[in-house]
Amino acid sequence: MRKAIILLLVCMFLAMLGNAQQPERQFETDPVILNRIDEWQDLKFGFMMHWGIYAQWGVVESWSICNEPWIDRKGEPYTDYKARYQALNTTFNPIHFNPDEWAAAAKDAGMKYFVFTTKHHDGFCLFDTKETSYSTTDPSCPFSTDSKADITKAVVNAFRAKGLWTGLYFSKADWHNEDYWAPEWATPDRNVNYNPETHPDRWQNFCDFTDRQIQELMHNYGDIDLLWLDGGWVRPAWSVDEEVRDWLGCQGWIQDINMEKIISKARRDNPDLIVVDRTVHGKYENYRTPEQTVPDTLLPYPWETCMSMGDSWSYVATDRYKSTTKLIHLLADIVAKGGNFLLNVGPGPDGTLPDTALVRMKEIGAWMRVNGKAIYATRPCYPYSYQSIRLTQTKQGQKYAIVLVPEDTQLSKNFELKSDKPLNVRTGKTRVLGFKDKAFIAKTGENAYRITLPESICQNGKHAVVVEL
């Protein structure tokens, strides 16, 4: 019994020692980075582009070569499909790629930053890399002879010339790299297909490869504002709890690529670089990115909804795009709750943006030029949303009520605004952005008001109208 107790105590001590050696979850404290995040929160509206060899088939980006049960390859054997897909680099030739047109459309839409997919999970690189031949600049790709073969460079230069912040997407996973998906073993899911602890040298090779590629992006393309890292299943041990493990569906293998080392090197030339290590809630996830959703209410940290304009992230010829009204309503809802809106469009295989997407962006831009004061550089204003009203305020305290216009329906004349806290709203006539006629605000009770719009605004208001409070 005594020996058993001693053995138990020794085991407990060793467990405590092991836990003490595990790095704890940390959060960003550098005032330079925190200030930069605050500046990013002023931008509110960004443009994302999922683009790669998959655009040629009009299929989901990368995922069709992932051997998970939910993937539909229409009965084709997995190995045959994967081989055909991975050979798409030999036919990728977007001869109508014109990044200046992309940047002009984003600028005209009122977007203030962009995030471009330099490499998705399939491993195909849209930048000039010395680490692999699987890229647009390698002779195996017909586009390599084009003056814009380094697609990332062309995109960065075009968008930077329009004054947008520069953001680069990079997948931490790489399904083309033989040190991640080793060819001698099966690939049952999205994860590395061997145990890094059993094959530490091979895993270190992959870590070094990933580090070098990120450094190419961070040091070869000028000042980078955002490093947007995807592939959240590639993460350190301290970030893997029971909930995360269930989400990953992996065999419990830890995929730590030493983010501290990577980011410290990345910030040598970019000391104010914002890093978004998605879903790894720690020091290198400077803001969070709910995907294809809008939170129900205010969140206690910086965040950005990333959402596709259509149903798909990548190009699909028959994609169904959200209406302009729907997109503006999403923007107003997100901003009212303190977030940014990163709106994605997938360019086609020829390098052009879909016509419908361009129309949507043009219409959003027209609305933003009139109503941008209620969007840019604003912060949440309690109660954030009330029925069809979304509230924002400037840092100087100017409050706005963004009244959402229903789809294909004329705007109503009267709107109620109520709160369980003081609103400090001025009563009487008030300005409606973009209109000469004024609205009228009357107090109807404690912290309760009625906003009345003139008939001219009810008839002519599109998407949403903004009332100064």
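That block above? That's the structure.
Draft legend 1. Highlighting the packing of helix H9 (residues 324-336) against helix H10 (residues 355-371). Packing of H9 against H10 leaves a shortest axis separation of 9 Å and a crossing angle of 50°. On the basis of their axis angle, the class for H9 and H10 is oblique. Handedness of the crossing formed by H9 with H10: right-handed. Between H9 and H10, the residues in contact are Thr-324, Leu-327, Ile-328 and Leu-331 and Arg-360, Glu-363, Ile-364, Trp-367 and Met-368, respectively. Its residues assigned to classes, the contact of H9 with H10 comprises six nonpolar, one polar and two charged.

Draft legend 2. Structural context of the pattern of salt bridges. Under the defined criterion, the tally for this structure stands at 26 salt bridges. Of the charged contacts in the structure, one is a salt bridge between Arg-36 and Asp-225, with a shortest N-O distance of 2.6 Å. With Arg-36 in helix H2 (residues 31-43) and Asp-225 in the loop between helix H6 (200-219) and strand E4 (226-230), the pair connects residues that are 189 residues apart, well separated along the chain. A salt bridge links Asp-179 to Arg-202; the shortest N-O distance between them is 3.2 Å.

Draft legend 3. Structural context of the sheet that holds strand E15 (residues 464-468). Spatially, four strands are ordered E8-E9-E10-E15 in an open sheet, and the strand pairing comes out antiparallel. Of all strands in the sheet, those bounded by a partner on one side alone are strand E8 (378-386) and E15. For this sheet, the mean angle separating the axes of adjacent strands, direction not counted, is 25°. In this sheet, strand E10 (residues 399-404) lies alongside strand E9 (residues 389-394) in antiparallel orientation, the contact comprising five bridges. In the sheet register, Ile-389 faces E10, and the bridge partner there is Val-403. H9 rests against E8, E9, E10 and E15 of the sheet, and its axis sits at about 55° to E9.

Rules behind the numbers
Residues numbered from 1 in each chain as written. Predicted model: local features only at pLDDT ≥ 70, side-chain atom pairs only at ≥ 80, totals over all residues. Heavy atoms only, no water. Axes fitted to C-alpha atoms, helices over the stretch in contact; angles between N-to-C directions. Helix = DSSP H or I, 4+ residues; strand = E, 2+ residues; numbered from the N terminus. Parallel < 35°, antiparallel > 145°, perpendicular 65-115°, else oblique. Left-handed = near helix turned anticlockwise from the far one by under 90°. Contact = heavy atoms within 4.5 Å. Nonpolar A, V, L, I, M, F, W, Y, C, P; charged D, E, K, R; others polar. Salt bridge = Lys/Arg side-chain N within 4 Å of Asp/Glu carboxyl O. Pairing = 2+ DSSP bridges.

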